[in-house]
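# Overview (structure and organization)
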2 protein chains.
Amino acid sequence: MKTVKIIAPATIANLVCGFDILGMALNEPQDEMTLSLSDQPGIRITHADEYDLPVLPLQNVAGVALLALMEEYDKPIGFDLIIDKHIKPGSGLGSSAASAAGAVAAANHLLQNIFSNEDLVRFAMNGEKLASGVKHADNISPCIYGGVTLIRSIFPLDIIPLDAPHVFVTVVHPQIEVRTSDSRQILRKEILLKDAIKQWGNIAGLVAGFMKKDYELISRSLEDVIVEPVRSILIPGFDEVKIRCKEAGALGGGISGSGPSIFMLSKEENTSQKVEVIMKDIFEKIGIDYKTYITTINYEGVKIIESK
Amino acid sequence: MKTVKIIAPATIANLVCGFDILGMALNEPQDEMTLSLSDQPGIRITHADEYDLPVLPLQNVAGVALLALMEEYDKPIGFDLIIDKHIKPGSGLGSSAASAAGAVAAANHLLQNIFSNEDLVRFAMNGEKLASGVKHADNISPCIYGGVTLIRSIFPLDIIPLDAPHVFVTVVHPQIEVRTSDSRQILRKEILLKDAIKQWGNIAGLVAGFMKKDYELISRSLEDVIVEPVRSILIPGFDEVKIRCKEAGALGGGISGSGPSIFMLSKEENTSQKVEVIMKDIFEKIGIDYKTYITTINYEGVKIIESK
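Being a predicted model, the structure only gives us computed values, none of them experimental. (Residues numbered from 1 in each chain as written. Chains lettered and ligands numbered in written order. Predicted model: local features only at pLDDT ≥ 70, side-chain atom pairs only at ≥ 80, totals over all residues.)

A few words now on the overall build of chain A. In terms of regular secondary structure, chain A is built from ten helices and twelve strands. Computed over the C-alpha atoms, the radius of gyration of chain A is 19 Å, within 12% of the 19 Å expected from 2.2 N^0.38 for a compact globule of 308 residues. Across its three principal axes, chain A shows a C-alpha extent of roughly 60 × 40 × 35 Å. The proportion of buried residues among the 308 residues of chain A is 55%. (Helix = DSSP H or I, 4+ residues; strand = E, 2+ residues; numbered from the N terminus. Rg over C-alpha atoms; globule rule 2.2 N^0.38 Å. Buried ≥ 20, exposed ≤ 12 C-beta atoms within 10 Å, placed from the backbone.)

For the pair chain A and chain B, the best superposition has an RMSD of 0.0 Å and corresponds to a rotation of 180° with a translation of 0.0 Å parallel to the axis. When the rotation and shift are considered jointly, the pair of chain copies conforms to a two-fold rotation axis. An overlap of 100% is found between the interface residues of chain A and their copies at the interface of chain B, pointing to a shared contact surface. (Least-squares fit on C-alpha atoms with pLDDT ≥ 70 in both. Contact = placed C-beta atoms within 7 Å.)

Right, let's talk about the domain arrangement of chain A for a bit. Residue and element names in this part refer to chain A. Domain parsing of chain A yields domain 1 (3–163 + 298–307) and domain 2 (168–296). With centres defined by C-alpha atoms, the gap from domain 1 to domain 2 works out at 24 Å. Residue-level contacts link 27 residues of domain 1 with 34 residues of domain 2. Elements with a contribution of two residues or more to the side of domain 1 that touches domain 2: strand S1 (3–13), strand S2 (22–38), helix H3 (117–132) and strand S5 (148–153). Sorting elements by how many residues they give to the side of domain 1 that touches domain 2 places S2 first, with four residues. (Domains from an automatic or database assignment.)

All right, on to the packing of helix H1 (residues 61–72) of chain B against helix H2 (residues 95–110) of chain B then. Residue and element names in this part refer to chain B. Where H1 contacts H2, the axes come no closer than 8 Å and their chain directions differ by 35°. Handedness of the H1/H2 crossing: right-handed. Within the contact between the two elements, H1 uses Val 61, Ala 62, Ala 65, Leu 66 and Leu 69 and H2 uses Ser 96, Ser 99, Ala 100, Ala 103, Val 104 and Ala 107. Split into classes, the residues belonging to the contact of H1 with H2 amount to nine nonpolar, two polar and no charged. (Axes fitted to C-alpha atoms, helices over the stretch in contact; angles between N-to-C directions. Left-handed = near helix turned anticlockwise from the far one by under 90°. Nonpolar A, V, L, I, M, F, W, Y, C, P; charged D, E, K, R; others polar.)

Each strand in a sheet pairs with its neighbour through backbone hydrogen bonds, running either in the same direction (parallel) or in the opposite one (antiparallel). All names here are of chain B. Read from one edge of the open sheet, four strands run S9-S10-S7-S11, paired in antiparallel fashion. One side of each edge strand has no neighbouring strand; the edge strands of this open sheet are strand S9 (252–255) and strand S11 (290–296). Across this sheet, the average inter-strand angle for adjacent strands is 15°, counted without regard to direction. As paired strands, strand S7 (residues 168–174) and S11 are joined by seven bridges and run antiparallel to one another. Paired with Thr 170 across the strands is Ile 294, a residue of S11. (Pairing = 2+ DSSP bridges.)

Laid out in structure tokens, this is it:
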């Protein structure tokens, strides 16, 4: 086996109240990547998409993730990587995580799975560091494990896959730019203890809600009193999307990662469709280009679709 | 039926990382109370114990809890209450919660259970307000529901019983006084966002650990970077208890409620016994009187033991 083709899912980090510790994988959109083992040392990256991302390994999130993996592999190896992105960079849907996680998961498959999933998260976090300046795992982990994951701690790494019931996820990606580093900088370094208590009540409620498959509890817990009030200022239409989608029956939702995408969870498919109509209506009125998705939780994570 | 005798369990609020939102009921110690319906309106309280607590209903935590219940009951009723406390007031083991929760649960039984458990928590919180100045439910809820409970929110009240695996709980109560109001005042009103993130990672981990019955995850999550470092200063011997008990194999533990009691969870009974020996050794050396308990989770909450 010398070549493997994979798909790597988009992911929603934070999940409203779980800033930096929760993430969910989606069935749409997904990146495609083809990775081949090569006798020639080093990494050669080519792009099959329109995004004009860097090809130098040290400047490319998939590249630095692969370099981290190669450093722990004791034999000299080389890779040829073709990236075909469908998750737009800067969308808040885990585009960099999909590249980094997809690349190392593909490499691991070519190397007869000598590394654990936790190793792969560790390698792929180097991509997040390159993209945003900070090693975080709330997109990487669900991208690799699938489903909903809790990252209890990054140092040391402690990833806990959580059961989660079937939900429909409607996403709107307004085509504006919010840089992860900017949206991190505007957060206050100190918060009120009473807000923190409210937040960890909601996080505990959301985790219990997912595990009990209790949609009402999930809905009540999808509240963020710390990050959303600050970050949502950068996203036009945010408040209206949230209010109207919840009125239409959505369980709740918020900013995907650091934005600008907004996601809403629904128990029923027809609610998720109503939510999409509302999102379209709002961004048509505002006059910002947008893209919408109706999708579900991806329970598999990075998936091998071809291997030869 | 005119008289009911109940036992009301001690409780551990906070459970290390779940400040104000988590609580656990214990099989030891327990208060006993006897409540009788009376044709004579009002509440008459007598004490069968040595603690010299107030007998005037408005000054007694069980009294104000019963008064809140009577206010919502549409007919004039009266109660005679005999309180036999075994949970020492000021121990940090939910003594006031046991009185308040026990009284309203007993009254509800006499009134053919017309109130829900949530109503009872609401009534009993008036006792906590009297005792500590703040309405909190993290002792009251496990006392009424039993087991481990999450209080996602107090206004509106949202109580979620969580599954929890069998554990042994070793408690040491050093006989020093820590007033709940004092131990609340020394907390900082603002905390670092990065500490809060660590804390909610641990809370999410602890909830997932309880629900998955994953002892290792429970153990890793029993860490408090916000409240314990401040409050433990008021408890001599705290750090040594924690370090040595964990070395002896305890899963972890910390301050019970606002202290001064310290609790440690163990998977095996013989570990809980080793933990007790360590606790005794430390407080003997310090020269402070103490009391220890080895107990388990009480899954029933307030229990009717006689009714006539």
